[in-house]
Amino acid sequence: FDLGSYQDAEYYYEDAREKAHAAADTPLGVMVLCNLSHLATWTGRPRLGIDHAAAAQGWARRVPDPLLRSYAADVAARAHARDGQDDACGAELDAAEREVRVAAGNELDPGSLAYFYGAGQLASTRGVCLLDLGRPERAVSVVEQALALIHPSFVRNRALAMVGLGRAHIRTGEVDEGVRVITEASSLVVRNRSVRTVRELDAVCGELGPWRETPAVCDLRDC
């Protein structure tokens, strides 16, 4: 997935789902379904993402793991937002927040397959959803909150959040601030091998086309 080989990723996720079910490993099955949902939404198939997320949530109700349940709601929210379903997205974000509160004080529990998930990642997802739903003004403060909460060890997650913040600034017309954030994000991107993250950085730079002759954007091109 992170290498941008999306067809291969889908093949291996489906293989993993079969093996998880064959082993009756419900938490692993939930996690794979969440990944399938994220992949489908990322590749422009949000309704398939909703299907996978609904399956993940169904199985997650059988698991005593609030972080895993919150992550299942998270990927559902992303899929609904990408499909333009505002109310459904909001409901899923609220569900994710309730589960994060249950897990409060134990966000990075290594016993959970969703050990990486917590208030910071939820805030980052809320920002992504706000951008997809056309509300960049609200996204700015939400993603800033996410960056204050995401642990520095999660370099890719911080890089993606920072790219999202840059996109939010650009879409509100705060181009100089957007360029500043994108420049900072690039320093994180080069510390991570995620091709997907590099592509996101390229995509947000592509949104700067209308301002390509401004000093800030010219400086960014020279970096």
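About the cut-offs
Residues numbered from 1 in each chain as written. Predicted model: local features only at pLDDT ≥ 70, side-chain atom pairs only at ≥ 80, totals over all residues. Heavy atoms only, no water. Helix = DSSP H or I, 4+ residues; strand = E, 2+ residues; numbered from the N terminus. Rg over C-alpha atoms; globule rule 2.2 N^0.38 Å. Contact = heavy atoms within 4.5 Å. Buried < 20%, exposed > 50% of the residue type's maximum accessible area, 1.4 Å probe, protein only. Axes fitted to C-alpha atoms, helices over the stretch in contact; angles between N-to-C directions. Parallel < 35°, antiparallel > 145°, perpendicular 65-115°, else oblique. Nonpolar A, V, L, I, M, F, W, Y, C, P; charged D, E, K, R; others polar. Core = buried A, V, L, I, M, F, W, Y, C linked by side-chain atoms within 4.5 Å. Salt bridge = Lys/Arg side-chain N within 4 Å of Asp/Glu carboxyl O.

Some words on the overall build of the protein
Then step 1. Across its full length, the protein holds eleven helices and zero strands.
Then step 2. The C-alpha atoms of the protein give a radius of gyration of 18 Å, which matches the 17 Å a tight globule of 223 residues would have.
Then step 3. Dimensions of the protein, computed from C-alpha atoms along their principal axes, come out at roughly 60 × 35 × 30 Å.
Then step 4. A separation of at least 24 residues holds for 62% of the contacts in the protein among residues at least 6 apart in sequence.

Things to note about the environment of T125
Then step 1. Take T125: it is sitting in helix α6 (residues 119-132).
Then step 2. Residue classification places T125 among the buried positions, given a relative accessible area of 0%.
Then step 3. On a C-alpha basis, the gap between T125 and L28 in space is 22 Å, while along the polypeptide they are 97 residues apart.
Then step 4. Each residue touching T125, except ones within four places of it in the same chain, is listed here: D74, R78 and L93.

Some points on the packing of helix α4 (residues 66-82) against α6
Then step 1. Orientation of α4 relative to α6, taken along the N-to-C sense of each, is 10°, at an axis distance of 8 Å. Comparing their axes, α6 and α4 come out roughly parallel. Here D74, A77, R78, A81 and R82 of α4 come into contact with α6, specifically with Q121, L122, T125, C129 and D132.
Then step 2. For the contact of α4 with α6, a count of residues per class yields four nonpolar, two polar and four charged.

Examining the environment of A55
Then step 1. Structurally, A55 is set in helix α3 (residues 46-60).
Then step 2. The class of A55 is partly exposed, set by a relative accessible area of 30%.
Then step 3. A C-alpha to C-alpha distance of 20 Å links A55 and F1, two positions 54 residues apart in sequence.

Overview of the nonpolar core
Then step 1. If you look at the biggest cluster of nonpolar residues, it comprises 66 residues, and the most contacted ones within it are Y71, Y117 and L208.
Then step 2. With nine residues, α4 is the single largest residue contributor to this core.

Examining the pattern of salt bridges
Side chains that carry opposite charge are capable of pairing whenever their charged atoms lie near each other.
Then step 1. Per the stated rule, a full pass over the model turns up 17 salt bridges.
Then step 2. Note that D2 is salt-bridged to R196, the shortest N-O span being 2.8 Å. Of this pair, D2 sits in the segment before α1 (6-22) while R196 is found in helix α10 (residues 195-206), placing the two residues 194 residues apart along the sequence.
Then step 3. Looking at D2, the relative accessible area reads 22%, which means it is partly exposed.
Then step 4. Residue R196 is classed as buried on the basis of its relative accessible area, which comes to 4%.
Then step 5. A salt bridge links R17 to E14; the shortest N-O distance between them is 2.7 Å. Of this pair, R17 and E14 both sit in helix α1, separated by three residues, roughly a single helical turn.
Then step 6. Here R17 falls in the partly exposed class, since its relative accessible area comes to 23%.
Then step 7. The partly exposed category is assigned to E14, whose relative accessible area is 26%.
Then step 8. Overlapping salt bridges, with partners in common, bring together R167, R171, E200 and E207 in one network.

Comments concerning the environment of V32
Then step 1. Position of V32 among the secondary structure elements: in helix α2 (residues 26-42).
Then step 2. In this structure the C-alpha to C-alpha distance between V32 and A16, which are 16 residues apart in sequence, comes to 6.8 Å.
Then step 3. Ignoring sequence-local partners within four residues, the contact set of V32 consists of Y13, A16 and R17.

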